[in-house]
Amino acid sequence: NLTLKDEILKRFLSANGEPLSGQQLGEEFGISRTAIWKHMQTLQDEGYTFDTIKKKGYVLVATPDRVDPARISNYLATNRLGQSIHYFEDCTSTQTIGHELARNEAVDGTVIIAESQSKGKGRMARHWESTKGKGIWMTVIIRPNVLPHQAPQFTLVVAVAVVNAIKSLYKHIHPEIKWPNDILINGKKCTGILTEMIAEIDQVQALLIGIGINVNQQSSDFPEELQNTATSLSIEENESLDRAILIATILNYLEKYTDLYVQHGFSPIKILWEEASGTIGKRIRATTLREVIEGLAIGITEDGILEIQLDNGEIKRVYSADIEL
Ligand code: BT5
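Residues numbered from 1 in each chain as written. Predicted model: local features only at pLDDT ≥ 70, side-chain atom pairs only at ≥ 80, totals over all residues. Heavy atoms only, no water.

J.: Summarise the domain arrangement of the chain; cite the residues concerned and give the values.
T.: For the chain, the domain assignment lists domain 1 (4–62), domain 2 (69–276) and domain 3 (283–324). The C-alpha-based centres of domain 1 and domain 3 are spaced at 56 Å. (Domains from an automatic or database assignment.)

Right under this line is the structure:
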């Protein structure tokens, strides 16, 4: 669903520094050179910079630090995820917008992305800090043919996708999944996942996968209460990172892993998850709605449920909890 302006931008991005002339673009897009130039002016107003190369045309030389759909789309290798992207400079919560769009027949794979959220939310209506322009605040709508009780497993599918995307791009970062929905680096939280659904008793209409990733914050960008518990990829990698590339890479992995899950069930995901997990084999304290359980995290079941062995040998299964390591 890219606009013409976005399509022109995408053309410049994929030209990889080769100059493109107004004439050539006009022919490609079936519009006049003046119309092309108007779109390029809008792009310049948004912070894109073009150099003019005499007799040859224009080259894109600088891009603003924004998660523009055109830039994300340039790095996508998916059939469904991210083929439709809704971009917001500011919004309440991408999850809230996702619910509206999913009820209004948004296609499978629709992505909602924002530079900032005023009401970013975590599990149980907790606040999610979404500093403007510094992170990835996005919701992916997927419509897999699964039953409502399978929905929580998608949190683990997503965690594996995010970890592998991070590992494939940044060599100095060693992310670990904390069951069920956190990704930590050196013990600090850089990512939270929130899986919500619209369902009938026997069928999922849509899953709303909320992904919040701290990317380019410095320590001082975090509010006081998160100073000791939160980190960003940039803090860990020691440079500022391109969010659009990371978003596309996550969507590429996520499509692959959701397909794997839908075709082969949780077993192949379980193997990937165990490789990326920092929870298993550790002593933990799990706070559920009903009780606090302390013991050794011995593994996850074939359904993604956490198993904790108490000191008396008894094994407890936990479906949802906050974990302290
Ligand atoms: C989560 O909840 O970790 C899920 C967060 C999902 C956020 C995404 S952003 C895009 C989409 N739109 C939304 O509105 N939400 C999703 P939970 O496990 O309940 O953890 C919440 C707790 O994490 C808070 O109570 C804080 O302690 C902590 N926290 C809040 N903001 C944080 C941040 N930016 N980085 C690290 N920790 C944070």
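J.: Could you give an account of the packing of helix H6 (residues 151–169) against helix H8 (residues 243–264), naming the residues involved and the relevant values?
T.: Relative orientation of the contacting elements H6 and H8 amounts to 135 degrees, with a least axis distance of 8 Å. Relative to H8, the element H6 lies oblique. Handedness of the H6/H8 crossing: right-handed. In contact with Gln-153, Phe-154, Val-157, Val-158, Val-160, Ala-161, Val-162, Asn-164, Ala-165, Ile-166, Ser-168 and Leu-169 of H6, H8 contributes Ile-245, Leu-246, Thr-249, Ile-250, Tyr-253, Leu-254, Tyr-257, Thr-258 and Tyr-261. (Axes fitted to C-alpha atoms, helices over the stretch in contact; angles between N-to-C directions. Helix = DSSP H or I, 4+ residues; strand = E, 2+ residues; numbered from the N terminus. Parallel < 35°, antiparallel > 145°, perpendicular 65-115°, else oblique. Left-handed = near helix turned anticlockwise from the far one by under 90°. Contact = heavy atoms within 4.5 Å.)

J.: Can you explain the packing of aromatic side chains? Please cite residues and give values.
T.: Scanning all chains against the criterion turns up four aromatic pairs. Summarising the aromatic geometry, the rings of Tyr-253 and Tyr-257 are spaced 5.8 Å apart at their centres and angled 45 degrees between planes, so their arrangement reads as tilted. Remark: Tyr-257 and Tyr-253 occur in helix H8; sequence separation between them is four residues, near one turn of the helix. Among the residues examined, Tyr-257 registers a relative accessible area of 7% and is labelled buried. (Phe/Tyr/Trp six-rings, centres within 6.5 Å; stacked < 30°, edge-to-face > 60°. Buried < 20%, exposed > 50% of the residue type's maximum accessible area, 1.4 Å probe, protein only.)

J.: How would you sum up the packing of H6 against helix H9 (residues 267–276)? Please name residues and give values.
T.: Across the interface, H6 lies against H9 with an axial gap of 9 Å and an inter-helix angle of 55 degrees. With respect to H9, the element H6 is oriented oblique. You can see that H6 and H9 cross each other, and the crossing is left-handed. Between H6 and H9, the residues in contact are Leu-156, Val-157, Val-160 and Val-163 and Ile-269, Leu-272, Trp-273 and Ala-276, respectively. Class assignment of the residues belonging to the contact of H6 with H9 gives a composition of eight nonpolar, no polar and no charged. (Nonpolar A, V, L, I, M, F, W, Y, C, P; charged D, E, K, R; others polar.)

J.: Go over the pattern of salt bridges, please, and point to the residues and values.
T.: Considering all chains together, one arrives at 24 salt bridges under this definition. Ionic pairing is found between Asp-242 and Arg-71, a salt bridge with its closest N-O pair at 2.5 Å. You can see Asp-242 sitting in the loop between helix H7 (233–237) and H8 and its partner Arg-71 sitting in helix H4 (residues 69–74), a full 171 residues away along the chain. The exposure class assigned to Asp-242 is partly exposed, which follows from its relative accessible area of 29%. Given a relative accessible area of 4%, Arg-71 falls into the buried group. With a closest N to O distance of 3.1 Å, Asp-108 and Arg-80 form a salt bridge. Of this pair, Asp-108 sits in the loop between helix H5 (94–103) and strand E4 (111–117) while Arg-80 sits in the loop between H4 and strand E3 (85–91); the two residues are 28 residues apart in sequence, bridging distant segments of the chain. Exposure remark for Asp-108: the relative accessible area of 25% places this residue in the partly exposed category. Salt bridges linked by common partners bring Lys-5, Glu-46, Arg-66, Asp-68, Glu-89, Asp-90 and Lys-132 together as one network. (Salt bridge = Lys/Arg side-chain N within 4 Å of Asp/Glu carboxyl O.)

J.: Before we move on, can you summarise the environment of Gly-57 with the specific residues and values?
T.: With respect to the helices, strands and loops of the structure, Gly-57 is situated in strand E2 (residues 57–62). Classification of Gly-57 as buried rests on a relative accessible area of 11%. Distance from Gly-57 to Asp-221, taken between C-alpha atoms, is 41 Å for residues 164 residues apart in sequence. Once you skip the residues sitting within four places of it in the chain, Gly-57 turns out to touch Pro-19, Leu-20, Ser-21, Asp-51 and Thr-52.

J.: I'd like a rundown of the site of the ligand, residues and numbers included.
T.: Surveying the vicinity of the ligand reveals 27 residues, the closest of which are Ser-93, Lys-121, Arg-126, Lys-189 and Asn-214. At 3.0 Å, a side-chain N or O of Asn-181 approaches an oxygen atom of the ligand. Between Asn-214 and the ligand, the recorded distance is 2.9 Å, taken from a side-chain N or O atom to a nitrogen atom. In isolation the ligand has 790 Å² of accessible area, and contact with the protein removes 90% of it. Going through the elements one at a time, H5, strand E5 (135–142), strand E8 (188–200) and strand E9 (203–214) are the ones with two or more residues in the shell around the ligand. Its residues assigned to classes, the shell around the ligand shows eight nonpolar, 13 polar and six charged. (Near = heavy atom within 4 Å. Polar contact = N/O pair within 3.5 Å; in protein donor to acceptor, adjacent residues only side chain to side chain. Areas by Shrake-Rupley, 256 points an atom, 1.4 Å probe, with all protein chains shown as cover.)

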